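Each chain, written out:
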Amino acid sequence: MSWASKGLCTVVFLTSLALVYAMSETNLNSFNSVKDSIEEIYEDRLVVNGMIYELAGFLHKKEVALAAQNYAFFTSENEKVNKQAFAIISAFKKTYLTDFEAFTLNHFETSFTELVALEKEVSSPDKKTVDTAAIATLQLELKELNKDLDKLSDIQLAEGRNKLAVSKKATESMGTYRSLEKYFLIITAVLIFIIILLPSSKEKDEFVSE
């Protein structure tokens, strides 16, 4: 093999290595994208869905107490329920939030704080008669709070779908680049094989002279 052929083989080989390395880096980035999407789906969506479920459970307890006219609930268990709810809201706010999600959660927190203040009208031991207007307002507030939770739940579903779409796209890219790597390796092997088999100029001259 002539020096020119050797040089050409080296260039082809190094170029192929560079292309394979670049595609490997792209695959690594795609893999990290899939990994991040899966982690975000779990940490910021599934876990948050559990928080929303717990908050809905607390609201349901209040609704049941009002429906059953169990006003003793608001002087006994309600304070504990509210503390747990505020703790969950605080944990919720520390997760990744979209702009609309943050707005909805802040609205829920503000409304829940107003609800707690309103509940004192029902739980006050000084009152011997139940304030029916306060009860009606409480029921309306609970309905609005449930609407906020429904919105938050819908956001989790939409964001989860977006993350799955990102993962699917990244996975498809990984498959495409893996196929390209194989083709480049095959083409490289063929080119090197051809270059090796091609007669050098010296060999050509000898062949012609014969």
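On a predicted model such as this, the values are computed, not experimentally measured, just so you know. (Residues numbered from 1 in each chain as written. Predicted model: local features only at pLDDT ≥ 70, side-chain atom pairs only at ≥ 80, totals over all residues. Heavy atoms only, no water.)

*Asks:* Would you explain the packing of aromatic side chains in this entry?
*Replies:* The description of two aromatic rings rests on the distance between their centres and on the angle between their planes. Taken as a whole and judged by the stated rule, the model has three aromatic pairs. Ring geometry for phenylalanine 86 and phenylalanine 112: centres 5.2 Å apart, planes at 85°, overall edge-to-face. Here the residue phenylalanine 86 occupies a position in helix 3 (residues 78-93), and phenylalanine 112 occupies one in helix 4 (residues 99-123), the gap between them amounting to 26 residues. Seen in terms of ring centroids, phenylalanine 108 and phenylalanine 112 are 6.0 Å apart; in terms of plane orientation they differ by 20°. Their pairing is stacked. Placement of the pair is phenylalanine 108 and phenylalanine 112 together in helix 4, with a separation of four residues, close to one helical turn. For the pair formed by phenylalanine 108 and phenylalanine 112, the shared burial category is buried. Through a chain of ring-to-ring contacts, three or more aromatic side chains come together here, namely Phe86, Phe108 and Phe112. (Phe/Tyr/Trp six-rings, centres within 6.5 Å; stacked < 30°, edge-to-face > 60°. Helix = DSSP H or I, 4+ residues; strand = E, 2+ residues; numbered from the N terminus. Buried < 20%, exposed > 50% of the residue type's maximum accessible area, 1.4 Å probe, protein only.)

*Asks:* Any chance you could explain the pattern of salt bridges here in plain terms?
*Replies:* For the coordinates displayed, the defined rule picks out four salt bridges. The partner of lysine 93 in a salt bridge is glutamate 109, and the shortest N-O contact between them spans 3.0 Å. Here lysine 93, found in helix 3, pairs with glutamate 109, found in helix 4; they are 16 residues apart in sequence, far enough to count as distant. The exposure class assigned to glutamate 109 is partly exposed, which follows from its relative accessible area of 23%. (Salt bridge = Lys/Arg side-chain N within 4 Å of Asp/Glu carboxyl O.)

*Asks:* Explanation requested: the environment of phenylalanine 92 in the structure shown.
*Replies:* In this structure, phenylalanine 92 sits in helix 3. The spacing of phenylalanine 92 and asparagine 49 is 43 residues in sequence and 9.8 Å in space, taken between C-alpha atoms. Discounting residues that sit within four places of it in the chain, phenylalanine 92 has contacts with Val48, Met51, Ile52, Leu97, Glu101, Leu105, Leu152 and Gln156. (Contact = heavy atoms within 4.5 Å.)

*Asks:* Would you take a moment to explain the nonpolar core for this structure?
*Replies:* Leu55, Leu59, Phe92, Phe108, Phe112, Leu149 and Leu152 are the most contacted members of the largest nonpolar core, which has 29 residues in total. Contributing elements (two or more residues each) for this core: helix 1 (3-67), helix 2 (73-76), helix 3, helix 4 and helix 5 (132-197). Looking at which element gives the most residues to this core, the answer is helix 1, with eight residues. In contact with leucine 149, other than residues within four places in its own chain, are Ile52, Leu55, Ala56, Leu59 and Phe108. (Core = buried A, V, L, I, M, F, W, Y, C linked by side-chain atoms within 4.5 Å.)

*Asks:* I tried to follow the side chain of glutamate 119 on my own but got confused; where do I start?
*Replies:* Looking at the secondary structure, you find glutamate 119 in helix 4. At 3.2 Å, the side chain of glutamate 119 and the side chain of asparagine 82 are in polar contact. With residues near it in sequence (within four places) discarded, glutamate 119 still touches Lys62, Phe74, Asn78, Asn82 and Leu138. (Polar contact = N/O pair within 3.5 Å; in protein donor to acceptor, adjacent residues only side chain to side chain.)

*Asks:* Could you clarify how one ought to interpret the confidence of the model for the protein chain in this entry?
*Replies:* Parts of the prediction with low pLDDT should not have their coordinates interpreted in detail. Chain-level statistics for the protein chain give a pLDDT mean of 75 and a share of 52% at 70 or above. In the model, residues 203-210 has pLDDT below 50 throughout and makes two contacts with residues more than four positions away in sequence or in other chains. (pLDDT = per-residue confidence, 0-100.)

*Asks:* What's the story with the side chain of threonine 104 in this structure? I'm lost.
*Replies:* Within the element layout of this structure, threonine 104 appears in helix 4. Residue class for threonine 104 comes out buried when judged on its relative accessible area of 2%. In terms of polar contacts, threonine 104 uses its side chain to reach the backbone carbonyl oxygen of phenylalanine 100, at 2.8 Å. Setting aside chain neighbours within four positions, we find threonine 104 in contact with Asp148, Lys151, Leu152 and Ile155.

*Asks:* What am I meant to see in unusual backbone geometry here?
*Replies:* Outside of glycine, negative phi angles account for most residues, and trans bonds account for most peptide bonds. For glutamine 69, which is not a glycine, the phi torsion comes out positive at approximately 55°. Mapped onto the secondary structure, glutamine 69 falls in the loop between helix 1 and helix 2. Residue glutamine 69 is classed as exposed on the basis of its relative accessible area of 57%.

*Asks:* Any chance you could explain helix 3 here in plain terms?
*Replies:* Side chains that are three or four residues apart share a direction in an α-helix, a result of its 3.6 residues per turn. Helix length check: helix 3, at 16 residues, gives a terminal C-alpha distance of 23 Å against a target of 22 Å (1.5 Å per residue), a fit within 8%. Residues Asn78, Val81, Asn82, Ala85, Ile88, Ile89 and Phe92 constitute the buried set of helix 3. What you see down the axis of helix 3 is that its buried residues fit within an arc of 125°, all on one side. Along helix 3, the residues that are exposed and aim more than 90 degrees away from the buried face are Glu79, Lys80 and Lys83. (Expected span 1.5 Å × (residues − 1). Arc of directions from axis to C-beta.)

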